[in-house]
Amino acid sequence: MINFMDVFTDAQQWLKLFMHDLADAPWALIWVGWILLYLLFLPFYFPGKDQAETGKLKLNLMLQGLIAGALSGLLTGVIFAIAPLALLAWLWITLAPALLGILSGLLRKLATGKWNTFDNALRILAGNFYIEPGQTFFRGIMQGLGRQFWEQPQTLIGNALAHLLNSVWLFEKTIAGGGATFMQGKVPMANGVTFGSFILVNDMGGPVVDKMLISGRQSPLLKLLRHEYGHYLQNRESGWLYLFKYGIPSAGMVVWPEKDAEFRSDRYLLIQNGTTPLFKSYGETYQKIKPVWWEFALMFTAIITAAVWGGPAAGAGAWLLTAGVIAAFNLKNR
């Protein structure tokens, strides 16, 4: 039988410890670091001169980045007080591959005279702080926050994988557009793959964002771009559930996540840019398959309960356990 007085006492002790750790967090360093990251990478948000059309657009992005950086700093301080090792692991996975890519880029410059790899490394790192130009002020802030705290761990994996492939000189070009970061070059064992907001595709011979918006062309390469962009849209909606709701079933050759990605891509590009739908699924009576309430409830309840009783490691274990349940449920055709 649970002794609620003991539970209440333990909760009080944990709250006191949490408040102490929260007060001891290096707030100045955290806030300054986040804000500088958003503002320093602002120039990489514009893949071409035409998109950086007005000073007002840049000012709007600077304000969005400033607020997103400040809010990210606040959430990071809370995470630091609860699970500092998790935060350190996140920093290591984000920055170590980036440093490898930058060093490899400098080596390639010395060996071949090309800046491609160095430029790609900076643009891939910038993709972690990318706020799409031209959207509403509030949506831009939420996009910046979502990329860091909602679209995980797939965005973290995408960042690391992109840097690792770039460090061995497989990518020739990196472009930001449509909320995602596209890497063009040679993708081992696949024509294209999407992790979070990072889309890795074989060389298209031109700017991938421009090709993605072309109407009426039925080329396999255009279909690949549109398809992978649909997976990015799945990630943006499902957040923590993406790998298990869509990713694992897709890797397991289940059909419905692919059709769902195609429908989302067609619908989004039609609404946002007036781009003609490309896939057959758009003409059918199709409804996109969204994450359902019980999947989120199961995951969050399991993580919080396990973390309260056993700490961050137990919370991580509960996340993996519930992820397996969610993946198993979605490994079926619909």
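Let me begin by describing the structure that accompanies this report. (Residues numbered from 1 in each chain as written. Predicted model: local features only at pLDDT ≥ 70, side-chain atom pairs only at ≥ 80, totals over all residues. Heavy atoms only, no water.)

**Observations concerning empty space enclosed by the protein**
The line we're drawing: Cavities and pockets are found on a 1 Å grid laid over the protein atoms alone: a cavity is a set of points where a 1.4 Å probe fits but cannot escape, a pocket is an open set with protein on both sides within 12 Å along at least five of seven lines, and a lining residue has an atom within 4 Å of such a point. Grid points are joined across faces, edges and corners, and a volume is the space filled by probe spheres set on the points. The helix and strand labels rest on DSSP assignments: H or I over at least four residues marks a helix, E over at least two residues marks a strand, and numbering proceeds from the N terminus. Residues are sorted three ways: Asp, Glu, Lys and Arg are charged, Ala, Val, Leu, Ile, Met, Phe, Trp, Tyr, Cys and Pro are nonpolar, and all the rest, Gly among them, are polar.
In this structure the tally under the stated criterion is 2 cavities of 30 Å³ or more. In this structure, the largest cavity encloses a volume near 60 Å³. If you trace the largest cavity, you find 10 residues lining it, with F44, R123, A126, G127 and A176 closest to the centre. Counting residues per element, the ones that place at least two in the lining of the largest cavity are α5 (116-126) and β1 (171-177). No other element matches the 3 residues that β1 contributes to the lining of the largest cavity. Classifying every residue of the lining of the largest cavity gives 6 nonpolar, 3 polar and 1 charged. By volume, the second largest cavity amounts to about 40 Å³. As for the second largest cavity, its lining consists of W90, T94, N128, R147, Q148, Q152, T155 and L156.

**Notes on the side chain of K245**
The cut-off we apply is this: Accessible area is worked out with a 1.4 Å probe on protein chains only. A residue is then buried under 20% of its type maximum, exposed over 50%, and partly exposed in between. We define a polar contact as two N or O atoms separated by no more than 3.5 Å, with the added condition that, inside protein, one atom must be a possible hydrogen donor and the other a possible acceptor, whereas residues neighbouring each other in sequence contribute only through side-chain atom pairs.
Residue position: K245 is located in helix α10 (residues 242-251). Taking the relative accessible area as the measure of exposure, K245 reaches 1% and is therefore buried. Polar side-chain contacts of K245 include one of 3.3 Å to the side chain of E295.

**Quick look at the pairing of strand β2 (residues 180-185)**
Let me state the cut-off plainly: Think of it this way: DSSP has to see at least two bridges between two strands before they count as a pair.
Within β2, 6 of the 6 residues are buried, leaving the element largely enclosed by the surrounding structure. With burial as the criterion, each face of β2 is covered, one bearing A180, F182 and Q184 and the other bearing T181, M183 and G185. Pairing analysis gives 6 bridges linking β1 to β2, with the strands arranged antiparallel. Each bridged residue has a counterpart across the sheet, and for I175 the counterpart in β2 is F182. Where β1 folds back onto β2 in an antiparallel hairpin, the turn is made up of 2 residues, including G178, whose phi is positive at roughly 65°. By the bridge criterion, 5 bridges tie β2 to strand β4 (residues 198-202) in an arrangement that is parallel. The partner of G185 across the bridge, within β4, is N202.

**Some remarks on the sheet that holds β2**
Condition: Fitted lines through C-alpha atoms serve as axes, helices being fitted only where they are in contact, and the angles separating the N-to-C directions of these axes extend from 0 to 180 degrees. In what follows, residue pairs with any heavy atoms lying within 4.5 Å of each other are defined as contacts.
The 4 strands are arranged β1-β2-β4-β3 in an open sheet whose pairing can be described as mixed. Across the chains shown, the open sheet's two edge strands, defined by having one partner strand only, are β1 and β3 (192-195). If you compare each strand with its neighbour and ignore which way they point, the axes differ by 15° on average. Across the sheet, α5 is in contact with β1, β2 and β4; its angle to β1 comes to roughly 30°.

**Thoughts on helix α4 (residues 84-112)**
Quick reminder: α-helices carry 3.6 residues per turn. Residues three or four places apart thus point the same way. Note the cut-off: Multiply 1.5 Å by the residue count of a helix minus one, and that product is the helix's expected span.
In a regular helix each residue adds 1.5 Å, so 29 residues correspond to 42 Å; α4 covers 42 Å between its end C-alpha atoms and thus fits that length. Looking only at α4, the buried set comprises L87, W90, T94, P97, A98, G101, S104, G105 and R108.

**With respect to the packing of helix α9 (residues 220-238) against α10**
Rules: Just so you know how the angles are binned, under 35 degrees is roughly parallel, over 145 roughly antiparallel, 65 to 115 roughly perpendicular, and the rest oblique.
Running from N to C, α9 and α10 cross one another at 155°; their axes reach a closest spacing of 9 Å. Overall, the two elements α9 and α10 adopt an arrangement that is roughly antiparallel. Mapping the contact onto sequence places H231, Q234, N235, E237 and S238 in α9 and Y242, Y246 and S250 in α10.

**Describing the pairing of β4**
Most of β4 sits inside the fold, with 4 of its 5 residues counted as buried. Where β3 and β4 come together, 4 bridges link them in antiparallel fashion. Counterpart to F195 in the pairing with β4 is F198. Between the antiparallel neighbours β3 and β4 lie 2 residues, among them G196 with a positive phi of about 65°.

**Structural notes on unusual backbone geometry**
Omega for the peptide link from Q152 to P153 comes to 5°, which places this bond in the cis form. Looking at the secondary structure, you find P153 in the loop between α6 (137-149) and α7 (154-167). Even without being glycine, W169 reaches a positive phi, approximately 70°. As for its position among the elements, W169 is in the loop between α7 and β1.

**Thoughts on the packing of aromatic side chains**
To keep things clear, this is the line we draw: Here is the rule: rings of Phe, Tyr and Trp (six-membered ring for Trp) pair when centre to centre is within 6.5 Å. Planes less than 30 degrees apart are stacked, more than 60 are edge-to-face, and the remainder are tilted.
This model, assessed by the stated rule, comprises 18 aromatic pairs. Their ring planes at 35° and their centres at 5.0 Å tell us that W27 and W31 sit as a pair that is tilted. Here W27 and its partner W31 are both found in helix α2 (residues 27-40), 4 residues apart, which amounts to about one turn of the helix. Relative accessible area serves as the criterion here: at 19%, W27 is assigned to the buried category.

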